Amino acid sequence: MQWTLVVPLKRLARAKSRLSDTAADAMRPGLALAFAQDTVAAALASPAVADVAVVTDDALAARELIALGARVIPDEPRAGLNAALAHGAATVRARHPESAVAALNADVPALRPLELARVLDAAAEFPRAFLPDAAAIGTTLLAAAKGQELRPAFGTDSRARHRASGAVELCLAGVDSVRQDVDTGDDLRAALALGVGPRTAVATAGLLIRGQ
Ligand SMILES: Nc1nc2c(ncn2[C@@H]2O[C@H](COP(=O)(O)OP(=O)(O)OP(=O)(O)O)[C@@H](O)[C@H]2O)c(=O)[nH]1
Ligand SMILES: C=C(OP(=O)(O)O)C(=O)O
């Protein structure tokens, strides 16, 4: 079974504010783009993924991610992350009503295609399922099988909200690359230790964080 991934990406100029103590203002848009590129490229390389739809209003990111093979859905609601995801899922299903849909954050730059396939294969056993982030507080992936609404509840403490919504929490070993989102300097260090994709490797090359 194959999935359509919906990847939300806010405007690069406003992205990754929690990295402000690690990367200068002028660097963060480039980092956010590199994370998204590595996330989308790895997702597209996963055998469990049919296609990737990025929900964004950022023109540069849209061009770069289309070049990788993603399609772009404009963030028409402009009402935050969950509205963007619900809109993305509805747009996908308007065209392909039978799609299995999964939301994946755009900030998992160590993502490995086969680990993502393991997560999606596990999710396929349930109507709705989610993967907690590395901190076990948030969520990196929320999946909805054919015929199930996504009902995204991302944001602070989303693990508890997704659990309360009836989505099944996936408890899998060996899928660290899918769980490692990058919000803070410590997250970035952890992602670099796992091994990031090529664009993030270049974008972080000048940061003092390397080798610390
Ligand atoms: N399309 C869209 N994506 C969003 C929006 N808000 C957040 N995202 C994306 O959702 C994911 C998680 O976002 P956040 O952690 O809230 O924001 P961030 O830019 O990653 O980090 P901070 O600025 O530090 O909060 C990332 O992939 C964001 O780009 C939104 O309003 N619209
Ligand atoms: C949006 C989420 O992630 P972040 O930690 O990037 O805010 C979340 O965990 O639901």
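Treat the numbers as computed from the prediction; the structure is a model and nothing was measured.

Draft legend 1. Region of the structure containing the layout of surface pockets. Size it by volume and the largest pocket reaches roughly 1000 Å³. The wall of the largest pocket is formed by 38 residues, among which Lys10, Arg18, Leu81, Asp107 and Asp183 lie closest to the centre. Among the elements of the structure, strand E1 (3-9), helix H1 (28-44), strand E2 (49-56) and helix H3 (81-95) are those that each provide at least two residues to the lining of the largest pocket. Its residues assigned to classes, the lining of the largest pocket comprises 14 nonpolar, 10 polar and 14 charged.

Draft legend 2. Local environment of the nonpolar core. Ranked by internal contacts, the top residues of the largest apolar core, which has 38 residues, are Leu5, Val52, Leu116, Leu120 and Leu141. Grouped together as the second largest cluster of nonpolar side chains are 16 residues, Val6, Ala53, Val101 and Ala144 included.

Draft legend 3. Spotlight on the site of ligand 1. Lining the immediate surroundings of ligand 1 are 16 residues, of which Pro8, Lys16, Ser17, Arg18 and Asp75 lie closest. Between ligand 1 and the protein, one listed contact pairs a nitrogen atom with a side-chain N or O atom of Asp75 at 2.8 Å. Contact with the protein chains removes 85% of the 610 Å² of surface that ligand 1 exposes when unbound. When atoms are counted within 2 Å of each cavity's grid points, the one that captures over half of ligand 1 is the largest pocket. Broken down by secondary-structure element, the contributors of at least two residues to the shell around ligand 1 are E1 and H3. Classifying every residue of the shell around ligand 1 gives seven nonpolar, three polar and six charged.

Draft legend 4. Spatial organisation of the site of ligand 2. Neighbouring residues of ligand 2: Arg18, Leu81, Asn105, Asp107, Gly138, Thr139, Phe154, Gly155, Ser158, Asp181 and Asp183. Its free accessible area being 290 Å², ligand 2 has 85% of it covered by the protein chains. A molecule is said to occupy a pocket when more than half its atoms come within 2 Å of that pocket's grid points, and by this definition ligand 2 occupies the largest pocket. Tallied by class, residues from the shell around ligand 2 come to two nonpolar, five polar and four charged.

Draft legend 5. Examining the sheet that holds E1 more closely. Read from one edge to the other, the open sheet built from seven strands follows the order E3-E2-E1-E4-E6-E5-E7, with strand pairing classed as mixed. Of all strands in the sheet, those bounded by a partner on one side alone are strand E3 (71-73) and strand E7 (168-169). Two strands pair when backbone bridges link them, and E2 and E3 are joined in this way by three bridges, in the parallel orientation. Bridge assignment links Val54 to a residue of E3, and that residue is Val72. Docked against the sheet, H3 engages E1, E2, E3, strand E4 (101-104) and strand E6 (139-144), running at close to 145° with respect to E1.

How each quantity is defined
Counting starts from 1 at the beginning of each chain's written sequence and moves along it residue by residue. All chains are assigned letters beginning with A, and all ligands numbers beginning with 1, in the order in which they are written. Local features in this predicted model are restricted to residues of pLDDT 70 or higher, and side-chain atom pairs are both shown and tallied only at a pLDDT of 80 or more, whereas totals for entire chains, interfaces and linings draw on every residue. In computing side-chain properties, one takes all heavy atoms of the structure into account and sets aside hydrogens as well as water. Cavities and pockets are defined on a 1 Å grid built over the protein atoms alone: a cavity is a set of grid points where a 1.4 Å probe fits but cannot escape, while a pocket is an open set with protein on both sides within 12 Å along at least five of seven lines, and lining residues are those with an atom within 4 Å of any such point. Grid points are joined across faces, edges and corners, and a volume is the space filled by probe spheres set on the points. The numbering of helices and of strands both runs from the N terminus, where a helix is a DSSP run of H or I of at least 4 residues and a strand a run of E of at least 2. Under the scheme applied here, ten amino acids are nonpolar (Ala, Val, Leu, Ile, Met, Phe, Trp, Tyr, Cys and Pro), four are charged (Asp, Glu, Lys and Arg), and all others, including Gly, are polar. The set of buried Ala, Val, Leu, Ile, Met, Phe, Trp, Tyr and Cys residues whose side-chain atoms join them within 4.5 Å is what this entry labels a nonpolar core. Remark: exposure states derive from per-residue accessible area (1.4 Å probe, protein chains only) relative to the maximum for the residue type, with buried under 20%, exposed over 50%, and partly exposed in between. Near residues are defined by distance, with any heavy atom within 4 Å of the molecule or strand qualifying the residue. For this analysis, a polar contact is any N or O atom pair within 3.5 Å, provided that within protein one partner can donate a hydrogen and the other can accept it, and provided that sequence-adjacent residues contribute only side-chain to side-chain pairs. For the area figures, the Shrake-Rupley method with a 1.4 Å probe applies, and any residue is considered shielded solely by the protein chains shown. To decide whether a molecule occupies a pocket or cavity, check its atoms: if more than half lie within 2 Å of the grid points, it is inside. Two strands pair under a simple rule: DSSP has to find at least two bridges between them. The contact definition used throughout considers only heavy atoms, calling two residues in contact when any of these lie within 4.5 Å. Lines are fitted to the C-alpha atoms to define the axes, a helix being fitted only along its stretch in contact, and any angle between axes, read from their N-to-C directions, falls within 0 to 180 degrees.

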